[in-house]
Every structure is written in C-alpha cells, then in structure tokens.
Amino acid sequence: MRPPLENVLRNALVRNLELIEPGLRPVQLEEYPLPNAHGTRGSIDILARDRHQMWVVIELKRSRSSARQALHEVNKYTELLCREKNLAPDRIRAVIVAMPDDWDELLVAVSHAARDWSHDLRGYRLLLDGSGDPAGAERVELLPRAFEPRVTPIHNLFFFTSEEQRDQGWKIISKVADGLGKLDLLAADLDRVAEKHYIPAPFGLYLAVGRVNQEIASAGLLDSYEGPEPFAAEYQAEYLALCAICNRLAHSEMRGMNMESAQPGLLKNLADNPNWAIRGFRGTGAYDDTAAFEQQDLFRFLAGDERGDSQVLYTGTASPQVTSRWKAFRQEIRQSLAGNHEWESLVESWLDEVSPKVGDGDIGLHVYNPCDLLQAVIHGWPDRMEELLPMVIGEAVPRHGLRSSVRGALCWNGRGMSLPDAVRLVYRDPLFLMSNIYAGTVWERDRELLDLLGLHYVLLESIGPAWSEASESDEHRIWVQHEQGARVYSSASNPREYRQAFATIAADGEIVSVGQYIARHSHEAEIVAREYRAFVNAVQ
C-alpha cells in the first residue's frame, strides 16, 4: 500500500497526538504560521504542548531525502518561537516523525543533531493501519556518540638489545593487540645515544594503551581485574591488555629484553634527556597509520592524553564565539597548566577578561609547563636552558580594537637561599629525585624549591593597537596571584599600584626571569648540574 500524502497524515495525526506521547495536545489544528521580521518565515507542521507545558515543534516527513530539510525546519522553527513568541529556550523541544523506511536516511543526521543541540530532539516511526491512517508511533533509539579512540594513562617501557629485537617485540605486541580485539596502541622508538657500553638494552619502546572498545574486545580480556596500578581502577580493560602484552613478551625468550612501568610525563623527561632520542612512532588500530598524524601530535598523545592528563607542552587557538571550540580550548589550557596553581588562575582570569573584547577575533596560547626546574638545570645547563624553562605566550586579537599580548614569567624577587642549598633541602639526594620522578610527584617538590629560591609565577601583559608591534605607548599590566585570587595592576589606570606590584616581583628595580636568574648564578647552576647529572644520566 502506498503511504498517504504528507498533508493527509498531518491532518489525521494532529487529532490523535497521544499516539506519539501521552499528554500531547495541539495548539491549533491547522499548521502554525510563524512570520519573522528578519525575512525567514514558514509554518510548523504541528505545534503542540506536552504534559509539562513545554512547547513541542513536530515536523512530519515522509521523503527519504529529507534529513537536511527536517533538521533545517526544526532549527528554524525553534529559533522563531524563541524570538517571535518570547519563549525561553528551555521551554521548547522538537520531534521528527517519519515513516519507518525514511529513518534509514534520517537516523545518522538526527542522532548527531540531538547530541549537540541545546533543545531536546526526539524521533518517532509512524505506524499506519491497513487504511493508511496513523495507528501508533515507536520512539527511535538514536545512535550514541561514536567510540572515540584516545591514549589512556596505561603506559609501559620495554628495552631491547638491538633494533631487530625491538622489531620482533613489536610484532608480538601487535599480534596480542589483534587477538584482544584490535586494540589501539601507540608507541615511540627510543634509542640510547650516549656511548655507554655497560647499558645492556639500549633500544627502548615506550608503549601506551588506547581506550578499549568493549563492544569488540575479546570476552576474556574483560573477565577479571586485580591490578594495584593507580590508574587501573578507571582503566581496567586497558590495564589487563597491558598485562597480557607484558606476559606474552616475558615468555618470548628474547635474551636481554626487560621492561618497567611508566606513566604520562615520563616520555617528556626522556625526550629532554640528552642520552635518549625519539627515532619514530608506531601503532595499531586507530594509530596504525601514524603518517596521518604530525609528529608533535603523536608525541603529545604519549606525553599526556590531551583529553584527560596534563600536557606539559601545548599550543592552541580559538575564537570565543565558536562555543564548542572555545569550551575545549579552555579545558585544554587547564590541563596544560595542571600542577601550576598560579599560572592556571592567572591565565583563566586573563581569558575571562579578554574573551568578551575579542568577540569573533582570535586568541592563541603557547604553554610549556614542566614544573621541574631542577631537571631543566640538570639537562639544560649551560646551552639548553631557555628551551627547558617554563613559558606562557599568548595573544588576543579582535577584529577591531586593541590587541592584548601576554607573557608568563617565573620571576625572581631578589631574595631566597642559594640554588645548591635549596635543592639539597628539597631533594636530599639524587636517589630521592629519581623516586619523585617515577612517582609523579616532582611538581610538588618543585613548588617547594621555587618558594625557597624566591621565584614566583606572574603574567606580564601589553595592550596596544591591533595588528601593530608593541611600543612604549602600550598599556602595561601585571597579573599576580594572591590568596584572594588573581589581581591585575595597570600602568594606565593606577600607576602607583602598578609600581608597587612591580616592586614585589622585581629584583633591584628590574624584572629578572628565571633564565636571567640562572645566568646570574651560573656557578651555583654548575654545582647542581654536576652533582645530579652523573647519577640521573646513569639511571636514565
């Protein structure tokens, strides 16, 4: 039987809306016209009220090519109701009603819209009787968000005696991953570059386990969990997958191969260590084609999951008026500044202030937040200090108006004890440093060290005409963290307070960055580097 025309269905359905949902009643029997002062207009197929007194826009479709049109209509009519009838957005929802076969084309598009739309959106299959009249309606189960592969904090390090053995080990790992349900694994090849003949296994493989899609994972993987690892309670399937990989390698009889646990942040330490070099990346599942990613993406995935764990290094841009991207951008910034309360609070406050001024312009931030001054000295002194020291560089550029440039600084106030004394007081000895590195608690010790040295995180801001170079005529501001929160001092609005704030973060009348501080105390830096470097390099 050929289904009746759309207007015939509408007229029959409007008199019996309870077929869709109990309590639905029409606002009027005819289509509901919506004029609009901005030009667009139209008529809602059925405008109804539900049992909670919400307004319900019902769009009736029976064409298999109508997904885009149906979504366009419900978007337009919900917006017009808000504008023309002065209704609150949370009092409006939408329903799309279509024939069962038509949902083959509608399902994907409607599911996507329902997840991201601010209004409640539902779908119904309209069932007809032998005469072609509406006999009932089934609610459509919309598709859940697609499984999103991402790297988890379940990491491990493997060491091999040769490149060939590492390739053999990777073949075993890949085979285990395939057998457990095509796991997503990402790994980095690490080579020991220092000439140390007593190192038995100089070829490393840093492995991270991706999220396990439990719908396709092998049943045996999900049977039990007894792991003591700190992340394993949240990532049970991923931890069990790593255990299976380690057990298989342990029984592979590869002479000289060994392994040790790892966690996010360790790869960054190895990358900063001059004794190790990252030679490349490899993966399985979603990461099988590593050529699809840039090298910095792969490193970032391994150094710290961008959706969950701290990113030591981060670069990103966003426009405040692109809501979804702006929300993600703010979250990414918070993750990158984890463990650094001062910069996190100051940058958040700066973004709160500049975002309304920027409008549909652009804001960009580059963050390097290692929270580990001692390792910067160990691995960076004397030639690589600048690239290992913390930094924040930001720019807020509106389409029209003043641009704002911000620079995060770790400033010395001219006070504090000597660098060697402070390091020995906080870390006691090189072994204690290594225990903190592997426990992931260096950032806590680093905060103690900075306080003893008189170093504090601040933001320095310059405001001037957009699209121009900074000049002396720009307004200068200092953002400082107090117990009550972030506070800003302006050279333009209150010069006296600005000078007072400047004096609290300056040494002898000038702002001394941590790099300048190290340069001024080069002899002390040399003592610390020599004392800790030999031990750390031997262990790493």
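Let us look at the structure shown here. (Residues numbered from 1 in each chain as written. Predicted model: local features only at pLDDT ≥ 70, side-chain atom pairs only at ≥ 80, totals over all residues. Heavy atoms only, no water.)

1. Regarding the pairing of strand β17 (residues 402–412)
No. 1: Extensive coverage of β17 is indicated by the burial of nine of its eleven residues.
No. 2: Sheet analysis places strand β16 (residues 391–397) next to β17, joined by five bridges and oriented antiparallel. Residue Val392 lies in a different strand from β17, and its bridge partner there is Gly408.
No. 3: The loop that links β16 with its antiparallel partner β17 comprises four residues; one of these, Gly401, has a positive phi angle of about 115°.
No. 4: Bridge count for β17 against strand β21 (residues 512–513) is two bridges, and the pairing is antiparallel. Each residue of the ladder has a partner; that of Trp412, found in β21, is Val512. (Buried < 20%, exposed > 50% of the residue type's maximum accessible area, 1.4 Å probe, protein only. Helix = DSSP H or I, 4+ residues; strand = E, 2+ residues; numbered from the N terminus. Pairing = 2+ DSSP bridges.)

2. Points about empty space enclosed by the protein
No. 1: A full pass over the atoms with the stated rule returns two cavities of 30 Å³ or more.
No. 2: Quantified by volume, the largest cavity comes out at close to 50 Å³.
No. 3: Lining the largest cavity, in full, are Pro370, Cys371, Asp372, Leu373, Ala376, Leu388, Leu389, Pro390, Leu410, Asp446, Leu450 and Tyr457.
No. 4: Elements with a contribution of two residues or more to the lining of the largest cavity: α10 (373–380) and α14 (442–453).
No. 5: Residue classes in the lining of the largest cavity are distributed as ten nonpolar, no polar and two charged.
No. 6: Lining the second largest cavity are Gly339, Asn340, His341, Glu342, Cys371, Trp443, Asp446, Arg447, Leu450 and Tyr457.
No. 7: Those elements that provide at least two residues to the lining of the second largest cavity are α9 (341–358) and α14.
No. 8: Among the elements that make up the lining of the second largest cavity, the one with the highest residue count is α14 (four residues).
No. 9: Across the lining of the second largest cavity, the residue classes break down as four nonpolar, three polar and three charged. (1 Å grid on protein atoms, 1.4 Å probe; cavity = no way out; pocket = protein on both sides within 12 Å on 5 of 7 lines; lining within 4 Å. Points joined across faces, edges and corners; volume = space filled by probe spheres on them. Nonpolar A, V, L, I, M, F, W, Y, C, P; charged D, E, K, R; others polar.)

3. Structural notes on the nonpolar core
No. 1: Counting 58 residues, the largest nonpolar core has Trp350 and Tyr427 as its most contacted members.
No. 2: No other element matches α9, which puts seven residues into this core.
No. 3: If we ignore the near neighbours within four places in the chain, the residues touching Tyr427 are Asp372, Leu374, Phe432, Leu433, Val442, Arg445, Asp446, Leu449 and Tyr532.
No. 4: Of all hydrophobic cores here, the second largest spans 29 residues; its members include Phe160, Trp170, Val176 and Val212. (Core = buried A, V, L, I, M, F, W, Y, C linked by side-chain atoms within 4.5 Å. Contact = heavy atoms within 4.5 Å.)

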